[in-house]
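So you can see what is in the structure, the chains are spelled out below.
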Amino acid sequence: YLVAMLLLALFQPSTPAAWVPQLQFRLLFALGAIPALVVLLASLQAEDSEEFQSQHLSATVGFKRGVMKTLLGTAGTWCLYDL
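> I keep staring at the overall build of the chain and nothing clicks. Help me out?
Across its full length, the chain holds three helices and zero strands. Listing the helices and strands of the chain from first to last along the sequence gives α-α-α. In the chain, which comprises 83 residues, the proportion classed as buried is 4%. Accessible surface, the chain: about 7700 Å² in total, of which carbon and sulfur atoms supply 70%.

Next comes the structure, spelled out in structure tokens:
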């Protein structure tokens, strides 16, 4: 909210122009995406612990067998519903 007010104060046109709100929205959208990108890049570079990797490998086998049947049934039902 404070950034929006700052941008409004920065871009005070003498006449209301259509480009000012568009520019403000684009700047706010870009500024809001920066923290998300920083967190995403930091999480991609972080390594998983050995304990997590061992638990993940053992859970993956059971997950694939149980979920694939449900996933295929749900996807098939939605496909038939859309037809």
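So, next bit.
> Looking at this model, I keep getting lost on the environment of Leu27. Mind explaining?
Following the sequence through the fold, Leu27 ends up in helix 2 (residues 19-45). Put simply, Leu27 and Val3 are 24 residues apart on the chain and 9.5 Å apart in space, counted from C-alpha to C-alpha.

> I'm lost on a nonpolar patch on the surface in this one. Help?
On the surface, Val3, Leu28, Leu31, Ile34 and Val38 cluster together into a nonpolar patch covering about 400 Å² of accessible area. If you tally residues by element for the nonpolar patch, the top one is helix 2, at four residues. Residue classification places Val3 among the partly exposed positions, given a relative accessible area of 38%.

> Quick question: what am I supposed to make of the packing of aromatic side chains here?
A ring pair, where both rings are aromatic, is described by two values, the distance of the centres and the angle of the planes. In this structure the tally under the stated criterion is one aromatic pair. Geometrically, the ring pair formed by Trp78 and Tyr81 is edge-to-face, given 5.4 Å between the ring centres and 90 degrees between the ring planes. Note that Trp78 and Tyr81 are positioned in helix 3 (residues 50-82) at a spacing of three residues, about one turn of the helix. The exposure classification of Trp78 matches that of Tyr81, with both residues exposed.

The rules behind the values
- Residues numbered from 1 in each chain as written.
- Predicted model: local features only at pLDDT ≥ 70, side-chain atom pairs only at ≥ 80, totals over all residues.
- Heavy atoms only, no water.
- Helix = DSSP H or I, 4+ residues; strand = E, 2+ residues; numbered from the N terminus.
- Buried < 20%, exposed > 50% of the residue type's maximum accessible area, 1.4 Å probe, protein only.
- Areas by Shrake-Rupley, 256 points an atom, 1.4 Å probe, with all protein chains shown as cover.
- Patch = residues over 30% accessible without salt bridge, like charges linked within 9 Å, V, L, I, M, F, W, Y side chains within 5 Å.
- Salt bridge = Lys/Arg side-chain N within 4 Å of Asp/Glu carboxyl O.
- Phe/Tyr/Trp six-rings, centres within 6.5 Å; stacked < 30°, edge-to-face > 60°.

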